[in-house]
Amino acid sequence: MRGTTDAIEDLLRRHAPQVLGALVRRYGHFDTAEDAVQEALLAAAGQWPSEGVPENPRGWLIRVASRRLTDALRSEEARRAREERVAALAPRDAFVTTDDRAPREDDSLSLLFLCCHPDLTPSAQIALTLRAVGGLTTAEIARAYLVPETTMAQRISRAKQKVRGVRFGRPDDWGRRLPAVLHTLYLIFNEGHTATSGPSLQRRDLAGEAIRLTREVHRLLPDNGEVAGLLALMLLTDARRDARTGEHGELIPLDEQDRGRWDKAAIEEGVALVTRALGSGPAGPYQLRAAITAVHDEAPSAEATDWHEILGLYDVLLRMVPGPAERLGRAVAVAMVHGPRAGLAELDALEDELSTGHRLDAVRGHLLERAGVYEEARAAYESAAGKTLSAPEQRYLRERAARLKRLGAGGQER
């Protein structure tokens, strides 16, 4: 029964953005449409486990959500005008395809560009897209941005109000919206690759949806180097997913992974994409991130990784994006090229910018361990474990700390 419930939850998460897109395309009213979709999802979650999944799940959800939305619209003050508008639109099920695996247009992609409307602030664009297209809960988005859930709920609500009445469809101003679209897809993928909270390290449904949507953007803009770079980055990163966790869901770090389990076809596609993109014009941040990931993926072993090349790529990347995450990655590369103490010196400059998250302490623990400073490394690991909401990361960090506690000053088991 648990497996059936999980399968239905995955199915609902996969269809929810397309159902929402279909309703917004037909009716408008983004905020009311989302409420109707949530009611349809709750109805499905209650009925499908006992009654079975319908032959056309997407069509079922659209019909139920459409009825909920129509009822809601009728109850509003402008009932007559809205009913006239609805009556003038297509027949009730004209937008429900008989084959939900191949809808006549990708409503979730149109929804993505709607969420990245230029009238919204960047933070609102990302929050709304993660909610409507990525399927994250308001609480999950709030944790990712380290703000109270009520604050994030208000941000999303204001964003929905701003896009109310905006024409639904593929926009003409691709260039203006594209940076926000790519950044949002990047964040959705990152949440799928390494979940910010919960019992699982990965949320494969989110990572897969981000890759699918990025493929669609790449299909529409095949000559854009940054779109190709982002798709390559996702493919090269996702290629390792089967090797990132053990039999019981435990985290396996990159240098300990079985590279035979990496997806070679995804690596080949990603390398081809980034190679072609880098050869077609000036490199952008996503292309450089993809190039760094390609160096890791093409190395036959952790020991054979070309860290000098990675450090050089980070130096170029930081000239474009001098953010704390990029500087943290460069600090690791510095440690691998020049030794752990050189990397630790780089971390000191990031203390204020990354003090609230667990990444800085986790990297510090790793470098201190490599430097043989076990007591300080243990403290750093324990600090990192206390800051992350991911259960697999907590277990991994605490296991590292416990192992170091057993080691004496000379690095021997006590």
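Along each chain, residues carry numbers from 1 onward, in the same order as the chain's sequence is written. Where totals are concerned, whole chains, interfaces and linings use all residues; where local detail is concerned, this predicted model gives features only for residues with pLDDT of at least 70, and gives and counts side-chain atom pairs only at 80 or more. No hydrogens and no water enter the side-chain calculation; it runs on all heavy atoms of the structure.

1. Looking at helix 14 (residues 307-320)
So, step 1. For helices the rule is a DSSP run of H or I covering at least 4 residues; for strands it is a run of E covering at least 2, with both sets numbered from the N terminus onward. Working rule for helices: expected span equals 1.5 Å times residues minus one. For helix 14, which comprises 14 residues, the first-to-last C-alpha distance of 20 Å matches the rise-based estimate of 20 Å (1.5 Å per residue) to within 8%.
So, step 2. Here the term buried applies to any residue with accessible area under 20% of the maximum for its type, exposed to any over 50%, and partly exposed to those in between, with areas from a 1.4 Å probe on protein chains only. Among all positions of helix 14, only W307, I310, L311, L313, Y314, L317 and L318 are buried. Viewed end-on, helix 14 has its buried residues packed into an arc of 165 degrees, placing them on one side of the element. Exposed and oriented more than 90 degrees from the buried face of helix 14 are H308 and R319.
So, step 3. For this analysis, residues touch if any pair of their heavy atoms sits within 4.5 Å. Next to the buried residues of helix 14 lie helix 13 (285-298) and helix 15 (324-338).
So, step 4. Backbone nitrogen of H308 and a side-chain oxygen of the N-cap are separated by 3.3 Å at the start of helix 14; the cap is D306. By construction, the arc corresponds to the directions joining the helix axis to the C-beta atoms. Here a polar contact is recorded for every N or O atom pair within 3.5 Å, except that within protein the pair must consist of a potential hydrogen donor and a potential acceptor, and residues adjacent in sequence are included only if both atoms are side-chain atoms.

2. Quick look at the layout of surface pockets
Empty pockets left among the atoms are what a rolling probe the size of a water molecule brings to light.
So, step 1. We place a 1 Å grid over just the protein atoms. Points where a 1.4 Å probe fits but has no way out form a cavity, open points with protein on both sides within 12 Å along at least 5 of 7 lines form a pocket, and any residue with an atom within 4 Å of a point lines it. Grid points are joined across faces, edges and corners, and a volume is the space filled by probe spheres set on the points. There is about 830 Å³ of room inside the second largest pocket.
So, step 2. Residue lining of the second largest pocket: 28 residues in total, with E9, R13, G135, R203 and D205 positioned closest to the centre.
So, step 3. Mapped onto the lining of the second largest pocket, the elements with two or more residues apiece are helix 1 (2-27), helix 2 (30-51), helix 6 (122-132), strand 1 (197-198) and helix 10 (204-220).
So, step 4. In terms of residue count, helix 1 provides more of the lining of the second largest pocket than any other element does, eight residues in total.
So, step 5. When its residues are assigned to classes, the lining of the second largest pocket shows 11 nonpolar, seven polar and 10 charged. Here the term charged refers only to Asp, Glu, Lys and Arg, the term nonpolar to Ala, Val, Leu, Ile, Met, Phe, Trp, Tyr, Cys and Pro, and the term polar to all other amino acids, Gly among them.

3. Notes on the confidence of the model for the protein
So, step 1. A residue's pLDDT is simply how confident the predictor is in it, with values from 0 to 100. Residues of the protein with pLDDT of at least 70 account for 88%, and the chain-wide mean is 85.
So, step 2. The spread of mean pLDDT over the elements of the protein runs between helix 4 (residues 79-88), the lowest at 51, and helix 13, the highest at 98.
So, step 3. Confidence drops under pLDDT 50 across residues 90-104; counting only partners more than four residues distant or on other chains, this segment forms 30 contacts.

4. As for the side chain of K160
So, step 1. Locating K160 in the fold gives a position in helix 8 (residues 149-162).
So, step 2. Within the local environment of K160, its side chain forms a polar contact with the side chain of E34, the two groups lying 2.5 Å apart.
So, step 3. When near neighbours in sequence (up to four residues on either side) are disregarded, K160 contacts F30, D31, E34 and L128.

5. Observations regarding the packing of helix 6 against helix 8
So, step 1. Axis lines are fitted to C-alpha atoms, over the contacting stretch for helices. Their N-to-C directions set the angle, which ranges from 0 to 180 degrees. For the pair helix 6 and helix 8, interaxial distance at closest approach is 9 Å and the crossing angle is 95 degrees. By the angle between their directions, the pair helix 6 and helix 8 is classed as roughly perpendicular. On the side of helix 6, the interface is formed by S123, A124, A127, L128 and R131, while helix 8 contributes M152, R155, I156, A159 and K160.
So, step 2. Residue composition of the contact of helix 6 with helix 8, by class: six nonpolar, one polar and three charged. Comment on the angle field: the value is read as roughly parallel under 35 degrees, roughly antiparallel over 145, roughly perpendicular from 65 to 115, and oblique elsewhere.

6. Side note on the packing of aromatic side chains
So, step 1. Any Phe, Tyr or Trp ring, taking Trp's six-membered ring, that has another such ring centre within 6.5 Å forms a pair; planes under 30 degrees apart are called stacked, those over 60 apart edge-to-face, and the others tilted. Following the criterion strictly, the structure yields two aromatic pairs and no others.
So, step 2. Summarising the aromatic geometry, the rings of W48 and W60 are spaced 5.2 Å apart at their centres and angled 70 degrees between planes, so their arrangement reads as edge-to-face. One end of the pair, W48, is in helix 2; the other, W60, is in helix 3 (residues 57-74), with 12 residues separating them in the sequence. Neither W48 nor W60 differs from the other in exposure class; each is buried.
So, step 3. Here Y186 and Y286 contribute two aromatic rings whose centre-to-centre distance is 5.4 Å and whose plane-to-plane angle is 75 degrees, an arrangement assigned as edge-to-face. On the criterion of sequence distance, the pair formed by Y186 in helix 9 (residues 174-193) and Y286 in helix 13 is long-range, its members being 100 residues apart.

7. Some points on the packing of helix 9 against helix 11 (residues 225-238)
Two numbers describe a pair of packed helices, the interaxial angle and the distance between the axes.
So, step 1. Running from N to C, helix 9 and helix 11 cross one another at 0 degrees; their axes reach a closest spacing of 11 Å. Regarding the angle of helix 9 to helix 11, the classification is roughly parallel. The residues of helix 11 that touch helix 9, namely those facing L178, L182, L185, Y186, F189 and H193, are E226, V227, L230, L233, M234, T237 and D238.
So, step 2. The residue inventory of the contact of helix 9 with helix 11, partitioned by class, reads nine nonpolar, two polar and two charged.

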